[in-house]
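Okay, here's what each chain looks like letter by letter:
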Protein chains: 2
Amino acid sequence: MSARRSTPAAEAASGAADPRADRSRTLAERLRLIVVTDAGLAAPRSVQDVVAEALQAGAPAVQLRDKRAPARELLRLGRTLGALTHEAGALFFVNDRLDVALALGADGVHVGPEDLPVAAVRAAAPKGFLIGCSADDAEVAARAVADGADYIGCGTVFRTSTKADAGSPIGTKGLDRVARSVSVPVVGIGGITPDRMREVAATAAAGVALVGAVMGARDVGAVVRAVLGAWAR
Amino acid sequence: MSARRSTPAAEAASGAADPRADRSRTLAERLRLIVVTDAGLAAPRSVQDVVAEALQAGAPAVQLRDKRAPARELLRLGRTLGALTHEAGALFFVNDRLDVALALGADGVHVGPEDLPVAAVRAAAPKGFLIGCSADDAEVAARAVADGADYIGCGTVFRTSTKADAGSPIGTKGLDRVARSVSVPVVGIGGITPDRMREVAATAAAGVALVGAVMGARDVGAVVRAVLGAWAR
């Protein structure tokens, strides 16, 4: 089922109940590509269909994001997505809502500047629960790590239309600077497409988070393989 | 500071760090009036100012509700409100977001039909954490109680303009029916004003939750005293 795995140990680990227990790959390796959901961009396909294709092609992480959905709807969506994601041995994150993430048995939550601060999440979350935090500069990233963030989502790297409030792009130079400044994996986000992956993969970033490039792709599998291939340098 | 308290035991309990530990009053007594926040209705006054007045007049519970505020803003608002509320020996609830409630050290969370289900909240919440659940009929209320709800918010009792999606009013008959059907306190909500309290207090409900009647009141203290007085039958 998981073409990307090359070792028997990893194959064996894919059957584990808790993907966080997969010690055969580092967290950085498991964050090479985070597929972030967007129902509008996935339409007319369902988010589930797009995510299933991405997982099939080897995407190692999925983040459920839907700023407009009430908690009950997120829970409903997340039950299907979380099951799909965990069956594929990938990590499952929920954007913003720690409570929904906990209710879903997700591996972690991703928080941004309008969400709960990392320290508050860390205090309320169980041991081993992963916390991602958005940061567009080294100072914000350092504070997030000090407060307990396990990875940094760094951007906007390139100009994008999927996040209206994204601010001005930091470019791959900005991404590289942040990635070199902290000890945890840094994942670039914002406007990243397969044809820009060579430039992104040349930075110190561990991975990328994609919204539009995957959700809006005609051939989801091809995008995922191209992005994962770019890291295999 | 708290004129409503009549016994030395209650006075002593008001200094306790955790208002849930106040065993001198039953939960039903502490839910006689839940003041639900609404920044728009409080304007031009701040929600904090209105809540402070309500607490001063003896309101035994406050619920922070702001469907549009991101978590970070809820946390900021909630820190002030929670401190005010706990200083007054009252219970502090957060609407919808269990994660924000936990981060604030609130006494409980209130969930409605679009929020996390009671069972999911109960599974993720610490022991003793209070859960309120909206229900407009006995069947929904019974399920919520079976899943772990500590009280029921029941309504819409009367037609109201503060909740656009409120559905058709159940009246005091509907409220009474639900209140008699479950073992936990039932709190009427929706369109309740001081001049309707005689009718409401004649039901089996334990208390009321007020939004507009307190937030939009010229004399907040007078409204709170009138409502609390109506229960002293």
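Worth saying up front: this structure is predicted, and the values here are computed from it rather than measured.

1. Quick notes on helix α12 (residues 220–231) of chain A
Residue and element names in this part refer to chain A. Across its 12 residues, α12 extends 18 Å between first and last C-alpha, which sits within 8% of the 16 Å expected from 1.5 Å per residue. Regarding α12, the residues found buried are Val220, Gly221, Val223, Val224, Val227, Leu228 and Trp231. The buried residues of α12 all sit within an arc of 165° when viewed along its axis, so they share a single face. Buried residues in α12 make contact with β1 (33–36), α4 (47–56), α10 (197–201), β8 (207–210) and α11 (212–215).

2. Remarks on the relation of the copies chain B and chain A
Rotating chain B by 180° and translating it 0.0 Å along the rotation axis places it on chain A, where the RMSD comes to 0.0 Å. Both copies are brought into coincidence by an operation consistent with a two-fold rotation axis. Among all residues of chain B, the minimum C-alpha distance to the rotation axis is found for B:Asp99, at 2.4 Å. Most of the interface of chain B is mirrored in chain A, where 100% of its interface residues are also at the interface.

3. Quick look at the packing of α4(A) against helix α5 (residues 71–87) of chain A
All names here are of chain A. The contact between α4 and α5 brings their axes to 10 Å, and the two run at 10°. On the basis of their axis angle, the class for α4 and α5 is roughly parallel. Seen along the crossing, α4 lies across α5 with a hand that is right-handed. Here Val47, Gln48, Val51, Ala52 and Leu55 of α4 lie close against α5, whose contacting residues are Leu77, Thr80, Leu81, Leu84 and Thr85. Residue classes in the contact of α4 with α5 are distributed as 7 nonpolar, 3 polar and no charged.

4. Quick notes on the interface of chain B and chain A
With 19 residues of chain B at the interface, the matching set in chain A holds 19 residues. Summing both partners gives a buried area of about 1600 Å² for chain B against chain A, and 61% of it is carried by carbon and sulfur. When the buried surface of chain B facing chain A is broken down by residue, B:Arg72, B:Asp99 and B:Leu116 rank first, second and third, together holding 35% of it. Where chain B touches chain A, the interface holds 2 salt bridges.

5. Concerning the pairing of β8(A)
Two faces, one strand: in a regular strand the side chains alternate between the faces of the sheet. All names here are of chain A. The alternating pattern of β8 places Gly207 and Ala209 on one face and Val208 and Leu210 on the opposite face, and all of these are buried. Across 3 bridges, β1 lies against β8 in parallel orientation. Within β8, the position partnered with leucine 33 by the bridge is valine 208. The sheet contact formed by strand β7 (residues 186–189) and β8 spans 3 bridges and is parallel. The partner of valine 187 across the bridge, within β8, is glycine 207.

6. Brief notes about the packing of aromatic side chains
Residues and elements named next belong to chain A. Tallied over the entire structure, the rule returns 2 aromatic pairs over all chains. When the centroid spacing of 5.4 Å and the interplanar angle of 70° are considered together, the rings of phenylalanine 93 and tyrosine 151 count as edge-to-face. Here the residue phenylalanine 93 occupies a position in strand β3 (residues 91–95), and tyrosine 151 occupies one in strand β6 (residues 151–155), the gap between them amounting to 58 residues. Judged on exposure class, the residue phenylalanine 93 and its partner tyrosine 151 are both buried. Between arginine 196 and the ring centre of phenylalanine 158, over which it is positioned, the NZ or CZ distance is 4.1 Å.

Rules of the game
Residues numbered from 1 in each chain as written. Chains lettered and ligands numbered in written order. Predicted model: local features only at pLDDT ≥ 70, side-chain atom pairs only at ≥ 80, totals over all residues. Heavy atoms only, no water. Helix = DSSP H or I, 4+ residues; strand = E, 2+ residues; numbered from the N terminus. Expected span 1.5 Å × (residues − 1). Buried < 20%, exposed > 50% of the residue type's maximum accessible area, 1.4 Å probe, protein only. Arc of directions from axis to C-beta. Contact = heavy atoms within 4.5 Å. Least-squares fit on C-alpha atoms with pLDDT ≥ 70 in both. Axes fitted to C-alpha atoms, helices over the stretch in contact; angles between N-to-C directions. Parallel < 35°, antiparallel > 145°, perpendicular 65-115°, else oblique. Left-handed = near helix turned anticlockwise from the far one by under 90°. Nonpolar A, V, L, I, M, F, W, Y, C, P; charged D, E, K, R; others polar. Buried area = accessible area lost by both parts, 1.4 Å probe. Salt bridge = Lys/Arg side-chain N within 4 Å of Asp/Glu carboxyl O. Pairing = 2+ DSSP bridges. Phe/Tyr/Trp six-rings, centres within 6.5 Å; stacked < 30°, edge-to-face > 60°. Lys NZ or Arg CZ within 6 Å of the ring centre and 35° of its normal.

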